[in-house]
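# Summary of structural features
Residues per chain, in single letters:
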Amino acid sequence: ARAVFFDQRVHHTTGAGGILIYVSLFEHRATVLADQLAMEKLGAAEIQLLCDFLTSELHKGDITTALCTTIKVAGEKLAAVLPRQSDDVNELPDALVVIE
């Protein structure tokens, strides 16, 4: 997950507010990694709660819903502590990255 975090340049956003939601179906592992400012604003406990939520949702068996719901919850939590500024630009693609 950390390699993907760096490979996908999540750590290179201007505001250091990026988050990576990582799921390995092969390894049956999931994690949520946050860049510096996102970690400072949300805190490690909140990031862990997001990961716990993700794994709980994944155990229900619907991967698509688990990912979509976790992304929505993460966005809501981030918006509360890192509100969008008028000059913000989306620096990362809004896309699922599949690594085979």
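Each chain has its residues counted from 1, following the order in which its sequence is written. Whole-chain, interface and lining totals are the exception, using all residues; otherwise, since this is a predicted model, local features are given only for residues with pLDDT of at least 70 and side-chain atom pairs are given and counted only at 80 or more. Side-chain numbers here rest on the full set of heavy atoms in the structure, without hydrogens or water.

## Let's talk about helix 4 (residues 63-81)
Quick note on the threshold: Helix and strand assignments come from DSSP, with helices taken as H or I runs of at least 4 residues and strands as E runs of at least 2, each series counted from the N terminus. Given the number of residues in a helix, its expected span is that number minus one, multiplied by 1.5 Å. The buried label applies to any residue whose accessible area, calculated with a 1.4 Å probe on protein chains only, is under 20% of its type's maximum; exposed applies above 50%, and partly exposed to all values in between. The arc in question is traced by the directions running from the helix axis to the C-beta atoms.
In this model helix 4 runs 27 Å from its N-terminal to its C-terminal C-alpha over 19 residues, within 8% of the 27 Å that 1.5 Å per residue would give. For helix 4, the complete set of buried residues consists of A66, L67, T70, V73, A74 and L78. The buried side chains of helix 4 occupy one side of the element, clustering within an arc of 135 degrees when seen end-on. Among the exposed residues of helix 4, those oriented more than 90 degrees off its buried face are T64, K72 and A80.

## Some thoughts on the packing of helix 3 (residues 44-59) against helix 4
How two helices sit against one another is set out by the angle between their axes and by the gap between those axes. As a reminder of what qualifies: Every angle, taken between N-to-C directions, lies between 0 and 180 degrees, and every axis is a line fitted to C-alpha atoms, over only the stretch in contact when it is a helix. Should an angle fall under 35 degrees it is taken as roughly parallel, and over 145 as roughly antiparallel, whereas 65 to 115 is taken as roughly perpendicular and any remaining angle as oblique. Two helices cross in a left-handed way if the nearer one is turned anticlockwise from the farther one by less than a right angle. They cross in a right-handed way if the turn is clockwise. What makes two residues a contact is simply this: any of their non-hydrogen atoms within 4.5 Å. Asp, Glu, Lys and Arg are counted as charged, while Ala, Val, Leu, Ile, Met, Phe, Trp, Tyr, Cys and Pro are counted as nonpolar; the rest, among them Gly, fall into the polar class.
Between helix 3 and helix 4, whose axes approach to 8 Å, the crossing angle comes to 160 degrees. Compared by their axis directions, helix 3 and helix 4 come out roughly antiparallel. Crossing of helix 3 over helix 4 shows right-handed handedness. Contacts from E46, L50, F53, L54, E57 and L58 in helix 3 reach I63, A66, L67, T69, T70, V73, A74 and K77 in helix 4. Within the contact of helix 3 with helix 4, the residues separate by chemical class into nine nonpolar, two polar and three charged.

## Considering the confidence of the model for the chain
Note the cut-off: pLDDT runs from 0 to 100 and stands for how confident the predictor is about each residue.
Overall, the prediction assigns the chain a mean pLDDT of 81, with 77% of residues at 70 or greater. Put simply, helix 1 (residues 2-7) is where the chain has its lowest mean pLDDT, 56, and helix 3 is where it has its highest, 94.

## A short note on the pairing of strand 1 (residues 19-24)
For the record, the criterion: A pair of strands counts as paired when DSSP detects no fewer than two bridges linking them.
Sheet topology note: the strand 1/strand 2 (residues 29-34) ladder contains six bridges and is antiparallel. Counterpart to Y22 in the pairing with strand 2 is T31. Connecting strand 1 to the next strand, strand 2, in antiparallel fashion are four residues, including H28 with a positive phi near 55 degrees.

## Quick word on unusual backbone geometry
With phi around 55 degrees, H28 is a residue other than glycine that occupies positive phi space. Position of H28 relative to the elements: it lies in the loop between strand 1 and strand 2. On the accessibility criterion, H28 (73% relative accessible area) is exposed.

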